[in-house]
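# Observations on the three-dimensional arrangement
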Amino acid sequence: MKKILIINGPNLNLLGQREPELYGRETLSDINESLSRLAQKLGLAVDFFQSNGEGELVGAIQRAGAEYDGAILNAAAYTHTSLAIRDAVLAIAKPVVEVHLTNPAGRDGFRAKSFLSGAAVGVVAGFGPRSYALALQWFAWTEPTAVA
Ligand code: DQA
């Protein structure tokens, strides 16, 4: 069974109360619970990690490289600033899918730049909590036309 680490960055621990008009009313625990249920249906094993710290996120990505088959990463604001997180994604030989609840490309100009997109296997953005679900489905994809 494939094992996927789902990693969330700064301020995503405040989901539910943080700018709910943008990010919705579901808490991170709500989202993770539904992802656990989806993973079970898809035959995937998932673990979750959240940190507000850049170094801890780098550590989690490295752990995904060593112990998991891939990762789903919402690096939040570090998406737009962090070379260290980009380098961690490049350093591991496992696929990392970049996800966002909102579509950063349609928001403030400074969110249009992602340091991670070029290092990720793909990007899912703009679908709220379903962005994570779509990324998880990619990991479970088994049709012969799949790229991995
Ligand atoms: C986010 C988008 C980022 O621009 C922002 O800094 C976040 C959340 C999202 O999931 O939509 O914290 O990654």
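Now for a description of the structure that goes with this document. (Residues numbered from 1 in each chain as written. Predicted model: local features only at pLDDT ≥ 70, side-chain atom pairs only at ≥ 80, totals over all residues. Heavy atoms only, no water.)

The description of two packed helices rests on the angle between their axes and on the distance between the axes. As a packed pair, helix α2 (residues 28–42) and helix α5 (residues 130–140) sit with axes 10 Å apart at the nearest point and diverge in direction by 20°. Our classification of the angle between α2 and α5 gives roughly parallel. Viewed along their axes, α2 and α5 form a crossing whose handedness is right-handed. Every residue of α5 that contacts α2 at I31, L35, L38, A39 and L42 is listed here: Y132, A133, L136, Q137 and A140. Of the residues that constitute the contact of α2 with α5, the class distribution is nine nonpolar, one polar and no charged. (Axes fitted to C-alpha atoms, helices over the stretch in contact; angles between N-to-C directions. Helix = DSSP H or I, 4+ residues; strand = E, 2+ residues; numbered from the N terminus. Parallel < 35°, antiparallel > 145°, perpendicular 65-115°, else oblique. Left-handed = near helix turned anticlockwise from the far one by under 90°. Contact = heavy atoms within 4.5 Å. Nonpolar A, V, L, I, M, F, W, Y, C, P; charged D, E, K, R; others polar.)

Look at α2: 21 Å from first C-alpha to last across 15 residues, which is about the 21 Å you get at 1.5 Å a residue. Buried residues of α2: L28, I31, N32, L35, L38 and A39, and no others. Buried residues in α2, looked at end-on, bunch into an arc of 120°, giving them a common side. Looking at α2, the residues exposed on the side facing more than 90 degrees away from the buried face are R37, Q40 and K41. Residues of α2 that are buried make contact with β1 (3–8), β2 (45–50) and α5. The first or second residue beyond α2 is G43, which carries a positive phi of 75°. (Expected span 1.5 Å × (residues − 1). Buried < 20%, exposed > 50% of the residue type's maximum accessible area, 1.4 Å probe, protein only. Arc of directions from axis to C-beta.)

The next point concerns the pattern of salt bridges. As enumerated under the stated definition, the model contains one salt bridge in all. The salt bridge involving D108 is made with R111; its shortest N-O contact spans 2.5 Å. We classify D108 as partly exposed; its relative accessible area is 32%. (Salt bridge = Lys/Arg side-chain N within 4 Å of Asp/Glu carboxyl O.)

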